[in-house]
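# Summary of the model geometry
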Amino acid sequence: LKLQSSPPFALNYFKAPFSAPAAMELSAFNINHGYCEAVVRGLRSGFLGVEDYRRLGTSDTLEDMRSALEESDYGTFLQDEPSPLMVATISKKCY
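Let us look at the overall build of the protein chain. The number of helices and strands found in the protein chain is six helices and zero strands. The N-to-C order of helical and strand elements in the protein chain reads α-α-α-α-α-α. With 95 residues in all, the protein chain has 14% of them scored as buried. Across the protein chain, the fraction of contacts at a sequence separation of at least 24, relative to all contacts at a separation of at least 6, is 22%. Approximately 8,500 Å² of the protein chain is accessible, and the part contributed by carbon and sulfur atoms is 62%.

Here the focus is a nonpolar patch on the surface. On the surface, Y35, V39 and L43 cluster together into a nonpolar patch covering about 360 Å² of accessible area. Inspection of the secondary structure puts L43 in helix α3 (residues 34–44). Owing to a relative accessible area of 59%, L43 belongs among the exposed residues under this scheme.

Here the amide bond leading from S83 into P84 is cis, since omega sits at -5°, within 30 degrees of zero. Inspection of the secondary structure puts P84 in the loop between α5 (62–70) and α6 (87–94).

What follows deals with the environment of Y74. When you line up the elements, Y74 lands in the loop between α5 and α6. Along the sequence, Y74 and G46 sit 28 residues apart, while their C-alpha atoms lie 8.2 Å from each other. Those residues in contact with Y74, other than ones at most four positions away along the chain, are G46, L48 and L69.

On to the confidence of the model for the protein chain. Of the residues in the protein chain, 69% reach a pLDDT of 70 or more, and the chain-wide mean stands at 76. Summarising per-element confidence for the protein chain, the mean pLDDT is lowest in helix α1 (residues 9–13) (51) and highest in helix α4 (residues 50–57) (90).

Our focus in this paragraph is the packing of aromatic side chains. Taken as a whole, this structure holds zero aromatic pairs when the rule is applied. Above the ring of F77, the side-chain terminus of K93 is found at 5.8 Å from the ring centroid.

Looking now at the side chain of R66. Along the polypeptide, R66 turns up in helix α5. A distance of 3.1 Å separates the side chain of R66 from the backbone oxygen of L78, its partner in a polar contact. With sequence-adjacent residues up to four places away left out, R66 is seen in contact with L78, Q79, E81, P82, S83 and L85.

Summed over all chains, the structure comprises six salt bridges. For R66, the salt bridge is made with E63, and the minimal N-O distance between the two is 3.3 Å. Of this pair, R66 and E63 both sit in helix α5, three residues apart, roughly one helical turn. Of the residues examined, R66 reaches a relative accessible area of 9% and is grouped as buried. For E63, a relative accessible area of 31% translates into the label partly exposed. Salt bridges sharing partners connect three or more residues here, namely D52, R55 and E71.

Quick notes on the rules
- Residues numbered from 1 in each chain as written.
- Predicted model: local features only at pLDDT ≥ 70, side-chain atom pairs only at ≥ 80, totals over all residues.
- Heavy atoms only, no water.
- Helix = DSSP H or I, 4+ residues; strand = E, 2+ residues; numbered from the N terminus.
- Buried < 20%, exposed > 50% of the residue type's maximum accessible area, 1.4 Å probe, protein only.
- Contact = heavy atoms within 4.5 Å.
- Areas by Shrake-Rupley, 256 points an atom, 1.4 Å probe, with all protein chains shown as cover.
- Patch = residues over 30% accessible without salt bridge, like charges linked within 9 Å, V, L, I, M, F, W, Y side chains within 5 Å.
- Salt bridge = Lys/Arg side-chain N within 4 Å of Asp/Glu carboxyl O.
- pLDDT = per-residue confidence, 0-100.
- Phe/Tyr/Trp six-rings, centres within 6.5 Å; stacked < 30°, edge-to-face > 60°.
- Lys NZ or Arg CZ within 6 Å of the ring centre and 35° of its normal.
- Polar contact = N/O pair within 3.5 Å; in protein donor to acceptor, adjacent residues only side chain to side chain.

Shown next as structure tokens:
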């Protein structure tokens, strides 16, 4: 009786999902640039969403745009500017 050898993938099939080297890699994950990544992740939460862009896209006047931005994280961007809001004022605030 001749025994057939098992296919090569069978050896990998029974391994534990996390080997010791992989666990050691996770212990040092992001050790060099962790602070920068945390700052970027925090800033990412302030990005405008789809609904914010929809409100900005349907704005007819600059005052409508100001009110759309007030409902987002950019609410203080044009808060102190007097009415009527001018394009030059927005350009100056962007740069």
